[in-house]
Every structure is written in C-alpha cells, then in structure tokens.
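Structural overview
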Amino acid sequence: MSPAITPVAGRPGSRILSVGSYLPSRVVGNDEISALIDSSDQWIRERSGISERRRASADETVASMATEAATKAIARAGIDPSEISMVLVATVTHPFQTPAAATEVAFRVGAVNAAASDLGAACAGFCYAIGVADSLIRAGTSKYVLVIGAEKFSDFVSWSDRGTAFIFGDGAGAVLLGPSDIPRVGPVIWGADGGQIDVITMSQSWTDYRDNPGEHYPHLTMQGQTVFRWAISEVSKVTQRAIDAAGITSADLAAFVPHQANMRITDALVRTLKLPEHVVIARDIKTSGNTSAASIPLALDHLLEAGEVTSGGLALLVGFGAGLAFAAQVVEIP
Ligand code: COA
C-alpha cells in the first residue's frame, strides 16, 4: 500500500476583502448605436434599460482593464500582491487562445507567487470564479485569491446585429478574497444546460472562419426572447436556492446584485423573489451596459462608491448567460 499523502489543512471560510473596477473613458450613447441598427434611444431604453455603455480604445485590452480593476482592489485590501496565491480572470473576450489573460494580469499587478488561469462561463463567469476561489481558500490550497471579471465585447459584437449591438459594453471589476474564521461567502449554486448552447453562441468557429471567411469574423449571436424566458423562469429558482443554502431569508439581504443582462430581467427577478423594500437593487446596466463577466463586480463597486450599500451587509449575487451557465451565492459586502 502506498504511503498516505499529507493533506493541506483547510479553513472555516473565506470573505471578500475589497472591490475595484475600471471602465474605459469613451461613452457610447444610444443614438450612436441606433444609427447602425435602425433603432432609437427610446426603444433601447424601454427594452433593455440601457442609456449608454463604454467602449475600450484600440490599445485597451481585457488584460489591461483587468489590471486596472485589480490594482484598485489590491490597494483597498492592503495586501502585498506577492501574498496572492491565485489569479482567476473570468472572461470570454480575451482574443488569444493562449496564454491566459490571468498570467499577464498576475505579472502586471506584481502577484509574483500566484498561479494564474482564465475561467470561461460567460456572464456567469464571475460567480463561478467566486465559487472556485471560496473552495480554494476553504480547502487550504490558496490564502488570497484575486478574482476578476473583464470583457472587451466591442471586439466580438457585430455592429449591424439588432439583437446584440445595443446591449454589450466593455469594462472590468475585481475582488480580492481571503480567509475568514466565519464563512462570509455562502455556498455556490451553479450549473449549465448544454442542451441550449445555440441560444447564445458565436456566429461560427475560428476554424470554420479560416476555411470559409465571411464578411465578419466570429461574433456573438443571441436568441433574445429565449434568453429572456429562461432567465425569468430558471434564474429566479437559482437565486432562491442560494438564499436557502446560505441559511438566511431575503429579509436578511442588504443588496441584490444580479448580472446586468437587461433591466427588465432584473425587474422580473426582483418581483419573483419578492425582495423586501430595503434591499438595494443594482441597476448599473443603465450606464455600463451588459459587461458580461465584469458586470457584477462593476455594479458592486459602483454601489459602494455611491454609498448605496455599506460594508458588512449581505448581497445576493447571480450570474447567468451562454452555456446556458448560471451561478449564485450570498456574500458579505466588504
Ligand atoms: N431596435 C428597434 N427595433 C428592434 C430592434 C432594435 N434593436 N430589435 C428588434 N426590433 C424590433 C423587431 O423588428 C420587432 O418588430 P415588429 O414587432 O414590428 O416585428 C420587435 O422589435 C420585436 O423584436 P424581437 O426580436 O422580438 O425583440 P424583443 O422584444 O425580444 O427584444 C431584446 C429584444 C434583445 C431586447 C430582448 O429579447 C431581451 O431583452 N432579451 C434578453 C437578452 C439578454 O438579456 N441577454 C443577455 C444575456 S447574458
């Protein structure tokens, strides 16, 4: 019989220590988009709740925006970057097959002792990464984990597609997680329905494009109404399960920070969950658009900066999107 392998000592829990975010400076209003897709400011506001979104410049990348957001989160946590043991970047718009954006980000923030990897779960990516980070810390595998959601969707949207061109924006949000004597990150409720991969997907694969180049390289396509119906019927169940798994009720929540997919989806989730009046609802989509994996930390940071939520309250997070992947958990606001 082989000798026993020494296990790593685990920890009781993890917590989010800090948040940071970054938005490119260029504001793209609805009129600019409407000119490209025969739409209007009024239609876009009514159907999505979006007034404007940000667009990265040519020299801004997923890794550079992630680095900006992460640098703020690290400074706010007061942790030396050399103490970070893992950097996870949730993204689906890093334009290199390899290496991972996280390796560049770890280098740029000075996380010289960190493992680094990307995580692809589309708009659920940030909550997936929080679930992984919490598990790594509780298992004793990592002490401090930097989790970043970063997207440059402007590179992967067709500006003539009426169903997507007005929705997506660019940006990044980051959190630093560390150990806690009492769990401050609740159990993650997550999953994916690969039977619905066609609902949000790329127009073609890179290899198909290589063999039959079309007018536009692979870009995002979406069956908007199917996504809408799925989000309202299934995502509300996932959020309720996350509340139950944390051992709390919705009355204990200070904030609801869903993925900023569409204001009407947020409104429907709030109605279905019957959230009490005092729960602050993140509505960052109005000015940031849908930034996929970046939307939840961006929204949380903006709520903190505006003083709409305070440290110590509980926030319900839920991410959902292509896959169709979803993940939700309750966390303490740093
Ligand atoms: N501007 C103006 N009119 C538009 C339009 C646009 N960008 N896109 C579609 N329309 C028109 C259509 O031509 C159609 O007109 P008609 O009734 O005269 O035929 C009408 O609006 C309805 O089209 P439809 O495609 O059914 O739009 P919709 O009501 O489903 O709204 C979305 C589109 C994308 C706003 C909606 O489906 C949605 O919010 N989906 C969820 C998307 C989402 O959250 N994705 C993120 C996932 S992470």
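Because the structure is predicted, anything quoted here is derived from the model rather than measured. Chains are numbered independently. Their residues run from 1 in the order of the written sequence. Given that the model is predicted, a residue must reach a pLDDT of at least 70 before its local features are reported, and side-chain atom pairs must reach 80 or more before they are shown or counted; all residues, however, enter totals for whole chains, interfaces and linings. Neither water nor hydrogens contribute to the side-chain values; these are computed over all heavy atoms in the structure.

This paragraph deals with the domain arrangement of the protein chain. What fixes the domain bounds is an automatic or database domain assignment. With domains assigned, the protein chain is organised as domain 1 (13–180) and domain 2 (189–332). Spacing between the C-alpha centres of domain 1 and domain 2 amounts to 14 Å. If you look at the interface, domain 1 gives 49 residues, while domain 2 gives 47 residues. What makes a salt bridge here is a side-chain nitrogen of Lys or Arg within 4 Å of a carboxyl oxygen of Asp or Glu, nothing more. The interface formed by domain 1 and domain 2 holds two salt bridges in total. The contact criterion used throughout is that any non-hydrogen atoms of two residues lie within 4.5 Å.

Let us now look at the sheet that holds strand E13 (residues 314–321). In short, DSSP must find at least two bridges between two strands for them to pair. Think of it this way: any DSSP run of H or I at least four residues long counts as a helix, any run of E at least two long counts as a strand, and we number them from the N terminus. The sheet built from five strands is open, its strands ordered E8-E14-E13-E11-E12 with mixed pairing. If you trace the sheet from one side to the other, it starts and ends with strand E8 (189–192) and strand E12 (280–281), each paired once. Sheet analysis places strand E11 (residues 253–258) next to E13, joined by five bridges and oriented parallel. Directly across from Phe256, in E13, lies its bridge partner Leu316. In this analysis, axes come from line fits to C-alpha atoms, helices being fitted only over the stretch in contact, and the angle between any two N-to-C directions falls in the range 0 to 180 degrees. In the packing of helix H8 (residues 263–273) onto the sheet, contacts are made with E11, E12 and E13, and the angle to E11 comes to roughly 140 degrees.

Turning our eyes to something else, we now look at the environment of Asp301. Inspection of the secondary structure puts Asp301 in helix H10 (residues 295–305). Through-space distance from the C-alpha of Asp301 to that of Ile333 is 9.9 Å; in sequence the pair is 32 residues apart. Other than its neighbours up to four places away in sequence, Asp301 contacts Val19, Gly20, Ser21 and Arg76.

Take the pattern of salt bridges next. Under the counting rule described, the total for this entry stands at 11 salt bridges. Its salt-bridge partner being Asp155, residue Lys152 comes within 3.7 Å of it at the nearest N-O pair. The closest approach of N and O atoms between Asp267 and Arg283, which form a salt bridge, is 2.6 Å. In this pair, Asp267 sits in helix H8 while Arg283 sits in the loop between E12 and helix H9 (285–288), placing the two residues 16 residues apart along the sequence. Only protein chains enter the accessibility calculation, which uses a 1.4 Å probe; a residue whose area is less than 20% of its type maximum is buried, one above 50% is exposed, and one in between is partly exposed. Of the residues examined, Asp267 reaches a relative accessible area of 26% and is grouped as partly exposed. Classification of Arg283 by relative accessible area gives partly exposed; the value is 34%. A single salt-bridge network, built from bridges that share partners, covers Arg76, Asp301 and Glu305.

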